[in-house]
Amino acid sequence: MRLDKYLKVSRIIKRRTVANDACDAAHVTANGRPAKASYDVKEGDVLEISFGQRVLKVRVLAVKETVAKAEASGMYEIIE
């Protein structure tokens, strides 16, 4: 699954266009490297998303095309 779509489906970022812009601005890294929106997310990947001064570091637990809002947080675990 594309990184921008994963960020939207997992509800880390609300809109796919915003996720795409964050990737283009190099605010998202995958496994320590800057990631483009087209990066293929796999289980076990470590994503780092910077929101201004705050940095969110998560490990991908599951990759699903659709998920209910209540189950979205089960797609990743927050590190640190």
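See the structure printed just above.
Residues numbered from 1 in each chain as written. Predicted model: local features only at pLDDT ≥ 70, side-chain atom pairs only at ≥ 80, totals over all residues. Heavy atoms only, no water.

Novice: Account for the nonpolar core, naming residues and giving values.
Specialist: Of all hydrophobic cores here, the largest spans 24 residues; its most connected members are L3, Y6, L7, I12, L47 and I49. Among the secondary structure elements, those contributing two or more residues to this core are α1 (3-9), α2 (16-24), β1 (28-30), β3 (46-51) and β4 (54-60). It is α1 that provides the largest number of residues to this core, a total of 4 residues. Each residue touching L7, except ones within four places of it in the same chain, is listed here: I12, I13, A19, V28, L47 and I49. (Core = buried A, V, L, I, M, F, W, Y, C linked by side-chain atoms within 4.5 Å. Buried < 20%, exposed > 50% of the residue type's maximum accessible area, 1.4 Å probe, protein only. Helix = DSSP H or I, 4+ residues; strand = E, 2+ residues; numbered from the N terminus. Contact = heavy atoms within 4.5 Å.)

Novice: Mind laying out unusual backbone geometry, listing which residues take part and the relevant values?
Specialist: A positive phi angle, close to 65°, is found at R11, a residue other than glycine. Along the polypeptide, R11 turns up in the loop between α1 and α2. Take R11: its relative accessible area is 42%, and that puts it in the partly exposed class. Of note in this structure, A26 is not a glycine but carries a positive phi near 60°. By secondary structure assignment, the location of A26 is in the loop between α2 and β1.

Novice: Lay out the pairing of β4 in plain terms, naming residues and giving numbers.
Specialist: The pairing of β3 with β4 spans 6 bridges and is antiparallel. Bridge pairing in β4 places I49 opposite L56. Hairpin geometry of β3 and β4 is characterised by an intervening segment of 2 residues between the two adjacent antiparallel strands and by a positive phi of about 65° at G52. In the sheet, β4 pairs with strand β5 (residues 76-78) via 3 bridges, with the strands oriented antiparallel. Across the sheet, the residue bridging to R59 is E77, located in β5. (Pairing = 2+ DSSP bridges.)

Novice: Describe α2, naming the residues involved and giving the relevant values.
Specialist: Here α2 has its buried residues at A19, A22 and C23. When α2 is viewed along its axis, its buried side chains cluster within an angular range of 100° and face the same direction. In this structure, α2 carries T17, D21 and D24 as exposed residues pointing more than 90 degrees from its buried face. The first or second residue beyond α2 is A26, which carries a positive phi of 60°. (Arc of directions from axis to C-beta.)

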